[in-house]
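Structural features, examined
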Amino acid sequence: MAPITMDCLPLQPVPISLPKDAPSPDDTDTMGLSIPDDFNDDEILARIHLKLEHLARLYASGKPLFPRHLLADLDAQIDQGNEEVHIDDLDDVSHTYSLKVPAWCSDFERTTYRIGYSSIQNLTCIHPSFPEISLRDTSPISICYTSSAEYPQAPLPEVQAAFAASRRKWEASETCAALKMHLAQLERKMVRPVRKIVAFGLGTLTGLEDEFHSSRALAQHAALGSMVEVLGRRRLQQNSPSQIPSTNTTSNIKVYAQDPAYTDVDIALLHSIGITPLDDPKGFLEIDAETLVFSVSPNVPVKQVVADVCWPAAMIWNTVMPEEKENVRWEKQVRGGEEFWVVPFTTDPDSVRVRRMVREYTSVPLRDSNEYFGDMTIYVR
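Small disclaimer: the values here were computed from a predicted structure and weren't measured. (Residues numbered from 1 in each chain as written. Predicted model: local features only at pLDDT ≥ 70, side-chain atom pairs only at ≥ 80, totals over all residues. Heavy atoms only, no water.)

At a minimum axis distance of 10 Å, the contact between helix α5 (residues 156-171) and helix α8 (residues 264-272) shows a crossing angle of 50°. For the element pair α5 / α8, the angle class is oblique. Considering the relative orientation of α5 and α8, their crossing is right-handed. Here α5 contributes L156, V159, Q160 and F163 to the contact with α8, which in turn contributes V265, A268 and L269. (Axes fitted to C-alpha atoms, helices over the stretch in contact; angles between N-to-C directions. Helix = DSSP H or I, 4+ residues; strand = E, 2+ residues; numbered from the N terminus. Parallel < 35°, antiparallel > 145°, perpendicular 65-115°, else oblique. Left-handed = near helix turned anticlockwise from the far one by under 90°. Contact = heavy atoms within 4.5 Å.)

Written as C-alpha cells, this is what we have:
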C-alpha cells in the first residue's frame, strides 16, 4: 500500500522568477492543460499564465527536472544525518526542508518524510476548482511528509514460504514464459550488455492478508530472478555451462530494489534472495547505460526521472502511450451524491522527454495473461 503523501512547503519560500514577456491571459491552453473558463479572477489568472509560461520555457530548453547531480547531492545530505536539506528548484534557487516531521504535520498523523518527485504534469496542473493552488511554490524535487495505514505484517518465515510458493507459480505462468522469450530475443539487439537491474515500486511482501496486492508484489519480485536468468545466461555459461543463474547466484548481474514501503522483514527476505534494497534516491543513482530498469505502476514518476538521470540499456515498465492518446482533461464524477474531480494523469505519467527516449529503443509489448503487471512493454537499446 502506497503511503499517503502531503505536499509540504519549504522553510524558506522564495517566489518563482517569471519572464517579463508573459502570454496574454486569454491564451487559455498551456502545457496541454487548460485553465477553467469560468474562473474570473484576472489577477490570479495572469499570474498563473506567467508561471506556466516560465515552466514551459524552462522545460522546452531541455533543463532537467531531475538532474542526477541534484539527486546525488540530496543523497549525500541525507547520509550525513542532517535535520535539514537544501534543494534547488528549476530556477536554481535553494529551498530548505526539514527531515524532521514538523509539528503542524504531526497533527495530521504524518510520521516520516519522503522525497517528493513532481512530474511535469504535476508542476503544470490546474485544478478546476482551485486554480490558485498552482501558484504555490513547486519544485520538481522536494521533501514531503507521509504516513501509512497500519496493516498486519506477516513474520519472515511466512513471507519466505509465500515467496517460495509464488515463485513456483510465477515460473509456471504464461506471463513468465512471455517475459523470458521476448527478453531473450531482444537481448541479442542490445548495444550494451545488462550488468545491473534496478526495480522501483514493486511493493511490500509482508501484507499477505491482501491477496490481490500480495500476489502481484510476490510475482514481481520473483520476475527479477527470471530476468537475471535470461540476461546472465550467456556470460555465465561461458564459464560454467551447467549452471543456471538466479538472483542469488554469481551471474555478474547485480539486482537492486527501491520502495519506501519495504519493512525490516522485506529487507531480510530481499537479501536472502540476492536483491539489495536501496533507500531513495539511491536506486536512481545506480542507473547507468548497462542497467535494466523495472517498475510497475510506481507512486512516483519513474519514467520522467530515468529520462533525465540516464538512459539505461533496457526498461520493463508501463507502456508509453502516444501523445494523442494522453488524457489532459479533468473529469468530474459523482460518488455518494458528492461531486469530485479525477486528475487526468497517473503518478508515473509519460512526457515529451519519455516519448523521445523510447523512440531510441526497440520495444515489444509484454503479454500478461496472469495479470501480474498490467499493460507493460519491454524496451531495449
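A word on α5. If you check α5, its first and last C-alpha atoms are 22 Å apart, about what 16 residues at 1.5 Å a residue would give, namely 22 Å. Among all positions in α5, only V159, A162, F163, S166 and W170 are buried. Seen end-on, α5 carries its buried residues on one side only, within an arc spanning 100°. Opposite its buried face, α5 presents the exposed residues P157, R168 and E171, each directed more than 90 degrees away. (Expected span 1.5 Å × (residues − 1). Buried < 20%, exposed > 50% of the residue type's maximum accessible area, 1.4 Å probe, protein only. Arc of directions from axis to C-beta.)

What follows is about the pattern of salt bridges. Tallying each qualifying case throughout the model produces 12 salt bridges. Close ionic contact of R57 with E53 constitutes a salt bridge, the shortest N to O distance being 2.7 Å. Within this pair, R57 and its partner E53 are both found in helix α1 (residues 42-60), separated by 4 residues, close to a single helical turn. Close ionic contact of R192 with E290 constitutes a salt bridge, the shortest N to O distance being 3.5 Å. One end of the pair, R192, is in the loop between α6 (174-187) and β8 (196-200); the other, E290, is in the loop between α9 (282-285) and β11 (291-295), and 98 residues separate them in sequence. For E290, a relative accessible area of 17% translates into the label buried. Sharing partners across several salt bridges, the network here consists of D75, D79 and K282. (Salt bridge = Lys/Arg side-chain N within 4 Å of Asp/Glu carboxyl O.)

Here we take up the nonpolar core. One recurring pattern in soluble globular proteins: nonpolar side chains tend to sit buried together. Of all hydrophobic cores here, the largest spans 48 residues; its most connected members are I197, M227, L292 and F294. Tallying contributions element by element places helix α7 (residues 211-239) first for this core, with 10 residues. What L292 contacts, discounting residues up to four positions off in sequence, is L183, V194, K196, I197, V198, M227, L231, A314 and I316. Counting residues in hydrophobic clusters, the runner-up holds 44 residues, among them L55, L278, V309 and W317. (Core = buried A, V, L, I, M, F, W, Y, C linked by side-chain atoms within 4.5 Å.)

This brings us to the pairing of strand β9 (residues 254-258). Burial of β9 is extensive: 4 of the 5 residues sit out of reach of the surface. Alignment of β8 against β9, held across 5 bridges, turns out to be parallel. Looking at β9, one finds that A199 is bridged to A257. With 3 bridges joining them, β9 and strand β10 (residues 276-278) adopt parallel strand pairing. Note that in β10 the partner of A257 across the bridge is P277. Running through α8, the crossover from β9 to the neighbouring parallel element β10 is right-handed. (Pairing = 2+ DSSP bridges. Right-handed = clockwise from strand over helix to strand, strands pointing away.)

Now for α6. For α6, spanning 14 residues, the distance from its first C-alpha to its last is 20 Å, which sits close to the expected 20 Å at 1.5 Å a residue. Among the residues making up α6, those that are buried are T175, C176, A178, L179, H182, L183, A184, L186 and E187.

Attention now moves to the environment of V198. Relative to the helices and strands, V198 is located in strand β8. Sequence spacing of V198 and T276 is 78 residues, and the spatial spacing of their C-alpha atoms is 9.4 Å. Ignoring sequence-local partners within four residues, the contact set of V198 consists of Y256, G283, E286, T291, L292, V293 and F294.

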